Structure formats: C-alpha cells, structure tokens
Amino acid sequence: MIKIAIDGPSGSGKSTLAKALSKKLGFVYVDTGALYRTIGLYVTENGIDYTDKKGVVASLKNISVDLMYDENGVQHVMLNGNDVGDRIRTSEIAAAASAVSAIPKVREFLLDTQRNMAKKHNVIMDGRDIGTVIFPDAQVKIYLVASNHARAKRRYEELKAKGEDITVEQVLSDLETRDKNDSTRKTAPAVPAVDAVFLDTSSNTPDDTLEAAMKIINAKLPGLKFN
Ligand code: DC
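Numbering of residues begins from 1 in every chain and follows the order in which that chain's sequence is written. Residues qualify for local features only when their pLDDT is at least 70, as the model is predicted, and side-chain atom pairs are given and counted only at 80 or more; totals for whole chains, interfaces and linings, by contrast, use all residues. Computation of side-chain values covers all heavy atoms of the structure but excludes hydrogens and water.

Moving on: helix 9 (residues 206–220). Structurally, the α-helix is built with 3.6 residues per turn, so residues lying three or four positions apart point the same way. A run of H or I in DSSP counts as a helix once it spans at least four residues, and a run of E counts as a strand once it spans at least two, with each numbered from the N terminus. Expected helix span is computed as 1.5 Å times (number of residues minus one). When the terminal C-alpha atoms of helix 9 are compared, their 21 Å separation across 15 residues agrees well with the 21 Å that a helix rising 1.5 Å per residue should span. Turning to helix 9, its buried residues number three or more, namely Thr 209, Leu 210, Ala 213, Met 214, Ile 216 and Ile 217. Angularly, the buried residues of helix 9 cover 160° about the axis, an arc narrow enough to put them on a single face. Opposite its buried face, helix 9 presents the exposed residues Asp 207, Glu 211, Lys 215 and Ala 219, each directed more than 90 degrees away. The contact criterion used throughout is that any non-hydrogen atoms of two residues lie within 4.5 Å. Looking at the buried side of helix 9, the elements it contacts are strand 1 (3–7), helix 1 (14–25), strand 7 (140–145) and strand 8 (197–200). For the exposure calls, accessible area comes from a 1.4 Å probe over protein chains only, and a residue counts as buried if that area is under 20% of its type's maximum, exposed if over 50%, partly exposed in between. Picture the helix axis, draw a direction to every C-beta atom, and the arc is the one those directions span.

What follows is the structure, encoded as structure tokens:
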C-alpha cells in the first residue's frame, strides 16, 4: 500500500492539502489530529482535567475511537459510537488535544487505529509524527511550514466562521503555546522526518500548494496517476 505522510504545525495547510490530494489520487484521507481531539473532547466533557495525566490515562478504558468514511470519502470520527466531528474544532478542544497528545499511553492507544488504515488502503495521512513514528517507511513525506502570522490568520478565520468569539492575537498565542508543547514533548515530538521534503505555504493559495505537492509526489512515485 502507498502511504503519503503530511506533517507540520497547526495552520500550515495540512488538511486542505491532504483532502485535495486524496481526491486527486483516490487515496483515503486520514486526519490524525481528529483522534487526539476526540480524546481531548472526552476528558473535557467528563470533567477530567487534561493536565491530570493519571486521570486521562485511566479514562482510556472507557473510550473507543473509530474512523468511518461516508460515500463521499469524508472522514467521521466516532467516540463511543457517536460522530463527534462537529464538537472537536474549538480552541478549547485544540488545547486539550495538545495536552493529552503528550501522554505516551494516549499515543499508544491511537497507534493501531492509524496503522490499520494503511493495511487495506492507500492513504494520505496528516499529523505531527506520521513520517517519523507512524509510517517511517512512507513513500512520500511532506513537511508543511508557514509563518506564524499566516497560520494564525487561517485558524482565526476558521474559528470565526464557526462562531467563536476570539481575537487574532489570542489565536496566535494559542498556536505558539501548542507548537511549543507539541515539538518539545518527549514522545513523538512534532519534528520533521530527516527524509521529509519541506513546503512553505505562507504565501500560497491552496492550488499553489497542491501543485507543489504533486511535483514532490511525482518525483518520488513517477508512475502514480492523478485525476
Ligand atoms: O492537527 P490538529 O490541530 O487537529 O491536532 C490537534 C493536536 O493533536 C495537536 O496540537 C497535536 C496533536 N497531534 C499529535 O500529537 N500527533 C498527530 N499525529 C496529530 C495531532
């Protein structure tokens, strides 16, 4: 099976690129951040402090997380059988996800869900440790970067569109905190794989980034056909 890993910090354009590539290639798109957000949602909704590592780990026995795909190929993340996709995209749950993702037992808990997807399907998977830990053998590894300003602006617009009352300064500060937590944690820190190809999306449109990524993929897998 073919595995394409797209890693990078929040707001660098991973999901926009990965979704577009999955359409172009007919591969399954796996958004792994949604898995960590789901654990963050569970602890938040059940009154467990996300900084309480023992409490978070103890709660894992009550959690089942699954990925389902509808007829349009859109991913639905299921928490104990319920689709929670529309509840995980808030800044509160992003902070909870970042905190729980630093706990080794949480990462272990989500490992098989991620690896199993590539047993039956060609996948485009986005996250923080796809090229380093989940699929060190991925045929293509792309690491997206963008300026803090560009990333904060993108996230701000998404959160605003969802009705969150937040300022761009607050979004920037949350991003910086999350980047620091994610890249300095001991287990699977968010760092580029040594063999990843960097792509800076700061001043790109989604189409520019897609085109650049297709060139990278073409160079690694020359026989692959794009729709
Ligand atoms: O991509 P995202 O913003 O939805 O991810 C939410 C958090 O989950 C992020 O702050 C770090 C964590 N995460 C991770 O540790 N490993 C991944 N593969 C994906 C996300």
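Further remarks concern the sheet that holds strand 3 (residues 65–69). Strand pairing is defined by DSSP finding a minimum of two bridges between the two strands. In space, the 3 strands of this open sheet follow the order 3-4-5, with antiparallel pairing throughout. Both outer strands of the open sheet, strand 3 and strand 5 (82–83), are each paired with one neighbouring strand and no more. Pairing between strand 3 and strand 4 (residues 75–79): 5 bridges, direction antiparallel. What sits directly across from Val 65, in strand 4, is Leu 79. The convention used is that axes are lines fitted to C-alpha atoms, helices contributing only their stretch in contact, and that angles between N-to-C directions extend from 0 to 180 degrees. Contacts from helix 2 (residues 33–45) reach strand 3 and strand 4, with the element oriented near 30° to strand 4.

What follows deals with the site of the ligand. Residues are labelled near a given molecule or strand when at least one of their non-hydrogen atoms is within 4 Å of it. Around the ligand sit 14 residues, and of these Arg 37, Arg 107, Arg 178, Asp 182 and Arg 185 come closest. Two N or O atoms count as a polar contact when they lie within 3.5 Å, although within protein this holds only if one can serve as hydrogen donor and the other as acceptor, and sequence-adjacent residues are included solely when both atoms are side-chain atoms. Note that an oxygen atom of the ligand is positioned 2.6 Å from one of the side-chain N or O atoms of Arg 37. Per-residue accessibility takes into account occlusion by the displayed protein chains alone, with areas from the Shrake-Rupley method and a 1.4 Å probe. The protein chains hide 98% of the 450 Å² of surface that the ligand would expose on its own. Looking at the shell around the ligand, the elements that each hand over two or more residues are helix 2, helix 4 (91–100) and helix 8 (168–184). Element by element, the count of residues in the shell around the ligand is highest for helix 2, at 3 residues. Asp, Glu, Lys and Arg are counted as charged, while Ala, Val, Leu, Ile, Met, Phe, Trp, Tyr, Cys and Pro are counted as nonpolar; the rest, among them Gly, fall into the polar class. Residues that form the shell around the ligand fall into these classes: 2 nonpolar, 5 polar and 7 charged.

Looking at where Lys 141 falls in the secondary structure, it is placed in strand 7. According to the relative accessible area criterion, Lys 141 is buried, its value standing at 5%. From its side chain, Lys 141 meets the backbone oxygen of Pro 136 in a polar contact 2.7 Å long. Within the structure, the side chain of Lys 141 is placed 3.1 Å from the side chain of Asp 195, a separation counted as a polar contact.

Attention now goes to the packing of helix 2 against helix 5 (residues 104–120). The geometry of helix 2 relative to helix 5 is characterised by a closest axis approach of 11 Å and an angle of 135° between their N-to-C directions. When the axis of helix 2 is compared with that of helix 5, the two are oblique. For the element pair helix 2 and helix 5, the recorded crossing hand is right-handed. Here Leu 35, Tyr 36 and Ile 39 of helix 2 lie close against helix 5, whose contacting residues are Val 106, Arg 107, Phe 109, Leu 110, Thr 113 and Gln 114. Counted by class, the contact of helix 2 with helix 5 contains 6 nonpolar, 2 polar and 1 charged residues. Should an angle fall under 35 degrees it is taken as roughly parallel, and over 145 as roughly antiparallel, whereas 65 to 115 is taken as roughly perpendicular and any remaining angle as oblique. A crossing counts as left-handed when the near helix is turned anticlockwise from the far one by less than a right angle, and as right-handed when that turn is clockwise.

Below, the discussion takes up the nonpolar core. Buried Ala, Val, Leu, Ile, Met, Phe, Trp, Tyr and Cys residues form a nonpolar core when they are joined through side-chain atoms within 4.5 Å. Of all hydrophobic cores here, the largest spans 33 residues; its most connected members are Ile 39, Val 77, Val 106, Val 123, Met 125 and Phe 135. Those elements that place two or more of their residues in this core are strand 2 (28–31), helix 2, strand 3, strand 4, helix 4, helix 5, strand 6 (123–127) and helix 6 (130–134). For this core, the element with the highest residue contribution is helix 2, accounting for 7 residues. Every residue in contact with Phe 135, bar those within four places of it in the chain, is listed here: Lys 3, Gln 114, Arg 115, Ala 118, Val 123, Met 125, Ile 130 and Lys 141. Counting residues in each nonpolar core, the second largest holds 21 residues, with Ile 2, Leu 21, Phe 27 and Leu 210 among its members.

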